[in-house]
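A closer look at the structure
Residues per chain, in single letters:
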Amino acid sequence: MTATVPRPPAVWRLLPSGGYAGRARMLLLRSATASSRGWLVFLSGFAEPVFYLLAMGQGLGSLVGELPGPDGTPISYAAFIAPGLLAASAMNGAVFDSTFNVFFKLKYSRLYDAMLATPLGVVDIALGEIGWALIRGGVYAVGFLVVLAGFGLLTSPWALLALPAALLVAFAFAAVGMAAASFMRSWQDFDLVTLVQLPMFLFATTFFPLAVYPPALQVVVECLPLYHAVELMRGLTTGAVSPGMLGHVAYFAVMAAAGSVVAARRLRVLLLR
């Protein structure tokens, strides 16, 4: 009898052939070692959303009053914006690491060229860097969740799922961020990252309900990835859980898969041409 080799899943076959050696964890170890001396900078990433929470939630919140939550129940302004800041914290950590750091290693230090001289493939590099960006975004999310718990803004047991949700959001943004970094030609291209990231942070229902926008703009906002992250976090932290939230999870699953495939294929083109 001849042994039959199982065929890989169809999604796996979208990745570059021969580019995976099963050593993506080595990239994680390398990134952890390189960041060990800059741990203070690494951990300070959640400070910005904390300042926003203090200024907007506690300061401006005393003037705004209560807003309707996901299920229509009135909640404080601080409880309304806290999930949005949590989602933004996961996004910012993942995007920063998967764009700026990846671009420097790819274009200037040529670190990835040296890695390919070792038993590593382009898929290992892509998954390793995306994984490290995921860890960074997750650390930011954990720190901010601790702050929210200290302020008493986590009032539902469903809030325990906010951390895995934040990790999913960070993974999706990290994958798309690395894919975008592979198309950048100079540091000036990072203005486009800010041009996309900042409006999402301000207008993707982080600080205002969706109902304040005209119907045409509501459709635009609902297409933004941060909007889905905010709605997912807001439902979990307030306990307003519904089957519709699975749509937000599916959105980020597709986003993460597409970003990972594009990033791996682009690295193959740039490093093995």
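Since we're looking at a predicted model, the values are computed, not measured.

Conventions adopted
Residues numbered from 1 in each chain as written. Predicted model: local features only at pLDDT ≥ 70, side-chain atom pairs only at ≥ 80, totals over all residues. Heavy atoms only, no water. Helix = DSSP H or I, 4+ residues; strand = E, 2+ residues; numbered from the N terminus. Buried < 20%, exposed > 50% of the residue type's maximum accessible area, 1.4 Å probe, protein only. Contact = heavy atoms within 4.5 Å. Axes fitted to C-alpha atoms, helices over the stretch in contact; angles between N-to-C directions. Parallel < 35°, antiparallel > 145°, perpendicular 65-115°, else oblique. Left-handed = near helix turned anticlockwise from the far one by under 90°. Nonpolar A, V, L, I, M, F, W, Y, C, P; charged D, E, K, R; others polar. Salt bridge = Lys/Arg side-chain N within 4 Å of Asp/Glu carboxyl O.

So, the overall build of the protein
When its secondary structure is counted, the protein shows eleven helices and two strands. Across the protein, helices and strands are ordered from the amino to the carboxyl terminus as α-α-α-β-β-α-α-α-α-α-α-α-α. When each of the 273 residues of the protein is scored for burial, the buried share is 45%. Counting only contacts in the protein whose residues sit at least 6 apart along the sequence, the fraction spanning at least 24 positions is 80%.

A closer look at the packing of helix 4 (residues 77-107) against helix 7 (residues 162-181)
Relative placement of two packed helices is described by the angle separating their axes and the distance separating the axes. Two elements in contact, helix 4 and helix 7, have axes separated by 8 Å at closest approach and are oriented at 30°. When the axis of helix 4 is compared with that of helix 7, the two are roughly parallel. In terms of crossing hand, the pair formed by helix 4 and helix 7 is right-handed. Packed against helix 4, whose contacting residues are Leu86, Ala87, Ala90, Met91, Ala94, Val95, Ser98, Thr99, Val102 and Phe103, the element helix 7 presents Ala162, Ala166, Val169, Ala170, Phe173, Ala174, Gly177, Met178 and Ala181 at the interface. For the contact of helix 4 with helix 7, the per-class residue count stands at 16 nonpolar, three polar and no charged.

Looking at unusual backbone geometry
Phi at Arg110 is positive, roughly 55°, even though this residue is not glycine. Within the secondary structure, Arg110 sits in the loop between helix 4 and helix 5 (111-115). In this model, Thr205 sits at a positive phi of 60°, which is unusual for a non-glycine residue. In this fold, Thr205 is placed in the loop between helix 8 (190-203) and helix 9 (215-222). Given a relative accessible area of 0%, Thr205 falls into the buried group.

Topic: the side chain of Thr99
Checked against the element boundaries, Thr99 lands in helix 4. By relative accessible area, which is 2% here, Thr99 ends up buried.

Description of the environment of Ala47
The residue Ala47 is located in helix 3 (residues 47-64) in this model. Along the primary structure Ala47 and Ser89 are separated by 42 residues, whereas in three dimensions their C-alpha atoms are 9.2 Å apart.

Section: the environment of Pro199
Turning to its location among the elements, Pro199 is positioned in helix 8. You can call Pro199 partly exposed: its relative accessible area is 33%. Leaving out residues up to four positions away in the same chain, Pro199 has contacts with Thr194 and Ala204.

Focus: the pattern of salt bridges
Overall, the coordinates contain three salt bridges when judged by the stated rule. Notably, a salt bridge pairs Glu129 with Lys105, separated by 3.1 Å at the nearest N-O pair. Of this pair, Glu129 sits in helix 6 (residues 122-150) while Lys105 is found in helix 4, placing the two residues 24 residues apart along the sequence. Glu129 sits in the buried class, given a relative accessible area of 2%. What makes Lys105 buried here is its relative accessible area of 11%. Between Asp189 and Arg185 there is a salt bridge whose closest N-O contact spans 3.8 Å. Take Asp189: its relative accessible area is 13%, and that puts it in the buried class.

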